[in-house]
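Reading the structure
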Amino acid sequence: MNISLSTETNLQNQLARHLQRLRKQQKLSRQALEKISTVPAPTIKKFETTGQISLRQFLLLWECLDNIDRLAMLLNQRHNNTLAHPTTIEQVLADEF
């Protein structure tokens, strides 16, 4: 079990803000993003305001707005154990991870 100060809700909201920021940087309306991602504009709005979305739709949006390989790299890093996590409170306090 990993100790984390982040919550699922915080992470969902951060991801929603990230994709919303990218959408706006690319000067895409929700309707324009709907056309290229196949995710309905009301779903995009709900995601941007609540962080709630299906994994499939999230991946479709990410693929249109960011590099999907960045997500794959996170999985590969974790699998290769390059992201170290503390396993004891002593490691957290000593910053030995």
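Let us look at the structure shown here. (Residues numbered from 1 in each chain as written. Predicted model: local features only at pLDDT ≥ 70, side-chain atom pairs only at ≥ 80, totals over all residues. Heavy atoms only, no water.)

Bringing the pattern of salt bridges into the picture now. One pass over the structure, following the stated rule, counts three salt bridges. Among the salt bridges present, the one from Arg30 reaches Glu48, with a minimum N-O distance of 2.8 Å. Placement of the pair is Arg30 in helix H2 (residues 30-37) and Glu48 in helix H3 (residues 41-50), with a sequence separation of 18 residues. For Asp66, the salt bridge identified is with Arg70, shortest N-O distance 3.0 Å. For Arg70, a relative accessible area of 40% translates into the label partly exposed. (Salt bridge = Lys/Arg side-chain N within 4 Å of Asp/Glu carboxyl O. Helix = DSSP H or I, 4+ residues; strand = E, 2+ residues; numbered from the N terminus. Buried < 20%, exposed > 50% of the residue type's maximum accessible area, 1.4 Å probe, protein only.)

Let's shift gears to the layout of surface pockets. By volume, the largest pocket is sized at about 360 Å³. If you go around the largest pocket, you meet 13 residues; those closest to its centre are Leu15, Phe58, Trp62, Leu71 and Leu74. Looking at the lining of the largest pocket, the elements with two or more residues in it are helix H1 (8-25), helix H4 (55-65) and helix H5 (68-79). Here the lining of the largest pocket is composed, by residue class, of nine nonpolar, two polar and two charged. (1 Å grid on protein atoms, 1.4 Å probe; cavity = no way out; pocket = protein on both sides within 12 Å on 5 of 7 lines; lining within 4 Å. Points joined across faces, edges and corners; volume = space filled by probe spheres on them. Nonpolar A, V, L, I, M, F, W, Y, C, P; charged D, E, K, R; others polar.)

Quick look at unusual backbone geometry now. Of note in the backbone geometry, Lys27 takes a positive phi value of approximately 55° without being a glycine. Secondary-structure assignment places Lys27 in the loop between H1 and H2. In this structure Lys27 comes out as exposed when scored by relative accessible area, which is 74%. The phi angle at Thr38 is positive, at roughly 70°, despite the residue not being glycine. Here Thr38 is to be found in the loop between H2 and H3.

Moving on, we come to H3. All of the buried residues along H3 are Ala41, Ile44, Phe47 and Glu48. For H3, the angular spread of buried residues about the axis comes to 120°, placing them on one side. H3 presents Pro42 and Thr49 as exposed residues on the side facing more than 90 degrees away from its buried surface. Those residues of H3 that are buried are in contact with H1, H2 and H4. Two residues or fewer past H3, Gly51 is found with a positive phi of approximately 85°. (Arc of directions from axis to C-beta. Contact = heavy atoms within 4.5 Å.)

We now examine the packing of H2 against H4. In the contact formed by H2 and H4, the axes pass within 10 Å of each other and the chain directions differ by 100°. Regarding the angle of H2 to H4, the classification is roughly perpendicular. On H4, the residues touching Leu33, Ile36 and Ser37 of H2 are Leu60, Leu61, Cys64 and Leu65. (Axes fitted to C-alpha atoms, helices over the stretch in contact; angles between N-to-C directions. Parallel < 35°, antiparallel > 145°, perpendicular 65-115°, else oblique.)

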